[in-house]
Structure formats: structure tokens, C-alpha cells
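Topology and contacts: notes
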Amino acid sequence: MTKNSHPLPLIFIFLTLIGTSYAGGIAIYWGQNGNEGTLSEACATGKYSHVNIAFLNKFGNGQTPELNLAGHCDPPSGTCTKFSADIKDCQSKGIKVLLSIGGGVGSYSLSSVEDARSVSKFLWNTFLGGKSSSRPLGDAVLDGIDFDIELGSTQNYEHLARFLKNYGVYLGAAPQCPIPDKFLGTALNTGLFDFVWVQFYNNPPCAYANGNITNLVNSWKRWTTTVPAGKIFLGLPAATEAAGSGFIPANVLTSQILPVIKKSPKYGGVMLWSRFYDLQNGYSTSIIGSV
Ligand SMILES: *[C@@H]1O[C@H](CO)[C@@H](O)[C@H](O)[C@H]1NC(C)=O
């Protein structure tokens, strides 16, 4: 390595010193409410850079995996294949579409390294670039897999990440803001994740609470300096009803928080839970000019 072969770190240091801020996108979760409109409608708003289809909430430990898209469609009877065209439509707009596995309700775990390998193969063949006679979202090829692991065993997710990354797909993760995340900490430490949308809600010690941004900003600094990941997103509820705590009024986010966190080269944007609440509340419309 010669002295001048890596100028980028110096550029980052220089830009940070002069107060540069980075531009980001909005990632949205879609799929858990039948009244949130179609995937195409979500993508047509022009507000989102990433869509996580939620959730594959049953997998691993020898179980037959199950996709759950609430009132949108019924995977076993094949009615979710209508979203294949929507997925391609979103991708044609440059939006990355991932399948989110896990979620707050479900039955999932990885019992061994072999189990992780078999789940990775299933995901590749069923939702990604592989082939299967049973593809609940049709022939659309998703861009990657998002890990929203919130229950069950904490084991073997680092192996699933490695097997999936070997297929060359994007990896996303939605850890809770306390570091390390109980379920995803080990997987995140592999450094294989492209997008980490940290849930800065339902966790007062590292989230916005009572008008105070200190805990959130301190936690953001820890995430962006200690966790190896491509880009870090500020994960937020799109409405007060969308989470138990942590909702940030749009004007507080745009005037006090985004100007601070956008100074990190790791900043990827804002993640919102969920399309349903964003549609009700218009949150993405209120913040997009500042993201
Ligand atoms: C905000 O929270 C921090 C950390 O808990 C605390 O030290 C500080 O006093 C709080 N600020 C206000 C104005 O309450």
C-alpha cells in the first residue's frame, strides 16, 4: 500500500471538520396491515428508498416457512403473487425491496449451522435469484433479506448472514438500540450487513423521551462508531400509535436531530414503522426535505 492509495478517509475527516452533512433515504416496512395500500402505491409516493416486506414469521428448526402479509393476500392460496409486478415496479424506480424475516409475533429460530444453511437456501430459491415451484411472491427477485429478529433463540444468525451474503444479496437488520442487540449483536459484528435500521423506539434509555434528545444522540454516536455496517438508519415510529414510546415530532427531528446525525458518513437515512402509520400521519412527507 502506497502513501497516497487511500485518500477517502482524509476526505471524510476534512468534510467532517467543515461540517458536511450526508444525504439519506427513507426505508419503510410494508405488509402488516391490509389497509396500507399496495406496494406499488407506496413506491409511487416517491418517498422511499428501501421497502422491507414484512414478515416471513415462521422458519427454522425444521418448520415449513410461512409468509404473513396480514390482510394483503393469502400466501398458501397463491394470492400474494400479484405483488410480483409491484416489486418489479418498485425496483424499476431504483427502490431496493427486501424480505423481512422475523417480527414481533411468530415462530422462528435457527437450531444449528446446518439449519441456517438450509434456511438460506430456502430464501434464495423462494424469494431471491434461485428457483422453486413455490414462490409466494411470484418470479420477482428481491434485492435482499432483512433480519428483524425479536424472539426465540439468539443463536446462529451470524451463519445465516454469511450463507446469504455468499449469494451476493443485500442484508438489512432492525436491531433494538441497546448495544449489543440480544438477537443480532453477533450477526452484526460480522460486518456483512449493508443497511442497519436501528429501532430507536420502545427503548427509553437510548431513544427520544420527554422532549430530550440526549440519549438518542449518544446512542446514535455509539452505533455509527462501534458497529461495523454499511449504512446506519435512524429507525422511528411514523406515528405515536405505531410504538409504545419514542415517537419524535417531525419538527424536532428535522430541526434538532437530523442536522446532528447527518454529519456521520455512516448515515443512511430514516427507517419508519410502518407504511400504514406513515399513510395515516404523513410523517415521511413532513421530513423528506430534511432526510
Ligand atoms: C436529558 O437527558 C440527559 C441524559 O439522561 C440528562 O443528563 C439531561 O439532564 C436531560 N436534559 C434535560 C433538559 O432534562
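Residues numbered from 1 in each chain as written. Predicted model: local features only at pLDDT ≥ 70, side-chain atom pairs only at ≥ 80, totals over all residues. Heavy atoms only, no water.

This is how the line gets drawn: UniProt positions are given in the numbering used here, feature names are shortened, and annotations may be inferred rather than shown by experiment.
In the nomenclature of an unreviewed UniProt entry, the chain is known as Acidic endochitinase of Lupinus luteus. Here is the UniProt Subcellular location (unreviewed entry) comment for the chain, exactly as written: "Secreted, Extracellular space". A UniProt comment under Catalytic activity (unreviewed entry) is attached to the chain, and it reads "Random endo-hydrolysis of N-acetyl-beta-D-glucosaminide (1->4)-beta-linkages in chitin and chitodextrins."

1. Focus: the layout of surface pockets
To find leftover empty space, one rolls a probe the size of a water molecule over the atoms. In plain terms, the rule: Method remark: on a 1 Å grid restricted to protein atoms, a set of points is classed as a cavity if a 1.4 Å probe fits but cannot get out and as a pocket if it is open with protein on both sides within 12 Å along at least five of seven lines; lining residues have an atom within 4 Å of a point. Grid points are joined across faces, edges and corners, and a volume is the space filled by probe spheres set on the points. Put simply, DSSP marks the helices as runs of H or I at least four residues long and the strands as runs of E at least two long, and each gets a number from the N terminus on. Lys, Arg, Asp and Glu make up the charged group, whereas Ala, Val, Leu, Ile, Met, Phe, Trp, Tyr, Cys and Pro make up the nonpolar group; the residues left over, Gly among them, are polar.
Within this model, the largest pocket holds a volume of roughly 260 Å³. As for the largest pocket, its lining consists of 18 residues, of which Pro 65, Leu 67, Pro 75, Ser 134 and Pro 136 are closest to the centre. Going through the elements one at a time, strand 2 (50-59), strand 3 (66-67) and helix 4 (113-127) are the ones with two or more residues in the lining of the largest pocket. Considering each element in turn, the lining of the largest pocket owes the most residues, 3 residues, to helix 4. Partitioned by chemical class, the residues of the lining of the largest pocket number 8 nonpolar, 8 polar and 2 charged.

2. Things to note about the state of the cysteines
Each disulfide consists of one covalent bond between the sulfur atoms belonging to two cysteines. This is how it is decided: Note that a disulfide, as used here, is simply two cysteine sulfur atoms within 2.5 Å. Whether a residue is buried, partly exposed or exposed follows from its accessible area with a 1.4 Å probe, protein chains only, as a fraction of its type maximum: under 20%, in between, or over 50%, in that order.
Following the criterion strictly, the structure yields 3 disulfides and no others. For Cys 43, the disulfide goes to Cys 90, at an S-S distance of 2.1 Å. Classification of the bridge connecting Cys 43 and Cys 90 rests on its S-S torsion, roughly 100°, and on that basis the disulfide is right-handed. Here Cys 90 lies in helix 3 (residues 83-92) and Cys 43 lies in helix 2 (residues 39-44), a separation of 47 residues in the sequence. A residue is classified by how much of its surface remains accessible, and Cys 43, at 2% relative accessible area, is buried. The exposure class of Cys 90 is buried, given its relative accessible area of 0%.

3. Considerations on the site of the ligand
Short version of the rule: Here a residue is considered near a molecule or strand provided that any single heavy atom belonging to it is located within 4 Å of it. For this analysis, a polar contact is any N or O atom pair within 3.5 Å, provided that within protein one partner can donate a hydrogen and the other can accept it, and provided that sequence-adjacent residues contribute only side-chain to side-chain pairs.
With respect to spatial proximity, the complete set of residues near the ligand consists of Asn 212, Thr 214 and Asn 215. Contact distances for the ligand include 2.4 Å between an oxygen atom and a side-chain N or O atom of Asn 212.

4. Digging into the nonpolar core
Definition in use: Remark: nonpolar core denotes a set of buried residues (Ala, Val, Leu, Ile, Met, Phe, Trp, Tyr, Cys) joined through side-chain atoms within 4.5 Å. In this analysis, two residues are considered to be in contact whenever any of their non-hydrogen atoms come within 4.5 Å of each other.
Formed by 79 residues in total, the largest nonpolar core has its most connected members in Ile 53, Leu 99, Leu 123, Leu 137, Phe 147 and Ile 257. Per-element accounting of this core gives the leading share, 6 residues, to helix 8 (residues 250-261). Ignoring anything within four residues of it in the chain, the contact list for Leu 123 reads Leu 56, Leu 99, Ile 101, Leu 128, Ile 145 and Leu 164. By size, the runner-up hydrophobic cluster in this structure holds 14 residues, among which are Ala 27, Tyr 29, Phe 233 and Ala 242.

5. Remarks on the UniProt feature "domain: GH18" (unreviewed entry) in the chain
UniProt tags residues 24-291 as "domain: GH18" (unreviewed entry). For residues 24-291, helix accounts for 31% and strand for 21%, while the C-alpha atoms at its two ends are 6 Å apart.

6. Overview of the pattern of salt bridges
Selection rule: The salt bridge criterion pairs a side-chain nitrogen of Lys or Arg with a carboxyl oxygen of Asp or Glu, the two atoms within 4 Å.
By the definition in use, this model includes 5 salt bridges. Residues Arg 117 and Glu 114 are paired through a salt bridge, measuring 3.1 Å at the closest nitrogen-oxygen approach. Taken as a pair, Arg 117 and Glu 114 lie in helix 4 at a separation of 3 residues, close to a single helical turn. Judged by relative accessible area, Glu 114 falls into the partly exposed class, the value being 47%.

7. Here's the deal with the packing of aromatic side chains
Basically, it comes down to this: Classification of ring pairs uses Phe, Tyr and Trp, with its six-membered ring standing for Trp, and accepts pairs whose centres are within 6.5 Å; under 30 degrees between planes counts as stacked, over 60 as edge-to-face, and the remaining range as tilted. Sitting over a ring, as applied to charges here, requires NZ of Lys or CZ of Arg to be within 6 Å of the ring centre and within 35 degrees of the ring normal.
This model, assessed by the stated rule, comprises 17 aromatic pairs. Between Phe 247 and Tyr 283 the ring centres are 5.5 Å apart and the planes differ by 55°, which places this aromatic pair in the tilted class. A residue pair is termed long-range when its members are at least 10 positions apart, and Phe 247 in the loop between strand 9 (231-237) and helix 8 and Tyr 283 in helix 10 (residues 283-287) qualify at 36 residues. Judged by its relative accessible area of 2%, Tyr 283 is buried. Members of the aromatic cluster, connected to one another through ring pairs, are Tyr 170, Phe 195, Trp 197 and Phe 233. A cation over a ring is seen here: Arg 162 above Phe 163, with NZ or CZ 5.1 Å from the ring centre.

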